[in-house]
Amino acid sequence: MQKRRLDIEYPLNAGKPDLLWMLMSTDHGLERWLADEVKEENGVLSLTWGSPYGEHHTLHANIVERQKNSHIRLRWVDEDDPVAYWEMRIGHSELTQDLCLCVVDYAPEEDIEDLHELWDGNLERLHQSSGF
């Protein structure tokens, strides 16, 4: 089943991209807002939600591309759709030139709204943990 692409742009209250880059490209940074536990080994991120010693869910993503202070593109290890990936990119609003986080993700048509809500929740945690 082919998935639909979702593009979302989140404006941020941050002046410089360095801190945002750390939050979206390192184990420790991602643990502050994206997953409960994140480990990177040999270009593969393991993301765990829930308690690693209790009920939890872990997914693995290959790092396809990473460019410092620009973007990180990942692809789920078990992804069937050949064009699907997820990406977080540091951008600037065309109107205000403020820093923003641009997200690209893919999901089946019937799951697009849920995926959008998931990213909204992630960004709420990013705002709470970093003040962005």
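Worth saying up front: this structure is predicted, and the values here are computed from it rather than measured. (Residues numbered from 1 in each chain as written. Predicted model: local features only at pLDDT ≥ 70, side-chain atom pairs only at ≥ 80, totals over all residues. Heavy atoms only, no water.)

Colleague: Break down the overall build of the protein chain for me, with residues and values.
Modeller: Each helix and strand in the protein chain was counted, giving three helices and seven strands. Ordered by position from N to C terminus, the α and β elements of the protein chain give β-α-α-β-β-β-β-β-β-α. What you see for the protein chain is a C-alpha radius of gyration of 15 Å, in line with the 14 Å of a compact globule of 132 residues. Referenced to the eigenvectors of the C-alpha coordinate spread, the extents of the protein chain come out at roughly 40 × 35 × 25 Å. Burial status across the protein chain gives 39% buried among its 132 residues. The contacts of the protein chain with a sequence gap of at least 6 include a subset with a gap of at least 24, amounting to 46%. Carbon and sulfur atoms make up 47% of the accessible area of the protein chain, which totals about 7800 Å². If the 12 positive side-chain charges of the protein chain are averaged to one point and the 27 negative ones to another, these points end up 7 Å apart. (Helix = DSSP H or I, 4+ residues; strand = E, 2+ residues; numbered from the N terminus. Rg over C-alpha atoms; globule rule 2.2 N^0.38 Å. Buried < 20%, exposed > 50% of the residue type's maximum accessible area, 1.4 Å probe, protein only. Contact = heavy atoms within 4.5 Å. Areas by Shrake-Rupley, 256 points an atom, 1.4 Å probe, with all protein chains shown as cover. Lys, Arg positive; Asp, Glu negative; His and termini not counted. Charge placed at Lys NZ, Arg CZ, Asp CG, Glu CD.)

Colleague: So what about helix α1 (residues 17-25)? Which residues, and what values?
Modeller: Every buried residue belonging to α1 is among Leu20, Trp21, Leu23, Met24 and Ser25, and all of these are buried. Those residues of α1 hidden inside the fold are in contact with α2 (27-31), β4 (56-67), β5 (71-76), β6 (86-92), β7 (99-107) and α3 (112-130).

Colleague: Talk me through the side chain of Ser70; I want residue IDs and the actual numbers.
Modeller: Along the chain, Ser70 turns up in the loop between β4 and β5. Looking at Ser70, its side chain comes within polar contact range of the side chain of His71, at 2.9 Å. Setting aside residues no more than four positions away along its own chain, Ser70 makes contact with Trp21, Met24, Met88, Arg89 and Ile90. (Polar contact = N/O pair within 3.5 Å; in protein donor to acceptor, adjacent residues only side chain to side chain.)

Colleague: So what's going on with the packing of aromatic side chains? Which residues, and what values?
Modeller: Using the criterion set out here, one finds three aromatic pairs in the structure. Ring pairs connect the aromatic residues Trp76, Trp86 and Trp119, which therefore count as one cluster. Above the ring of Tyr85, the side-chain terminus of Arg73 is found at 4.0 Å from the ring centroid. (Phe/Tyr/Trp six-rings, centres within 6.5 Å; stacked < 30°, edge-to-face > 60°. Lys NZ or Arg CZ within 6 Å of the ring centre and 35° of its normal.)

Colleague: Could you give me a rundown of the layout of surface pockets, with the residues and numbers involved?
Modeller: Within this model, the largest pocket holds a volume of roughly 430 Å³. Forming the walls of the largest pocket are 21 residues, and the residues nearest its centre are Leu59, Trp76, Asp105, Leu115 and Leu118. Of the residues belonging to the lining of the largest pocket, the class tally is 14 nonpolar, one polar and six charged. (1 Å grid on protein atoms, 1.4 Å probe; cavity = no way out; pocket = protein on both sides within 12 Å on 5 of 7 lines; lining within 4 Å. Points joined across faces, edges and corners; volume = space filled by probe spheres on them. Nonpolar A, V, L, I, M, F, W, Y, C, P; charged D, E, K, R; others polar.)

Spatial relationships are all this shows, so hold off on functional conclusions.
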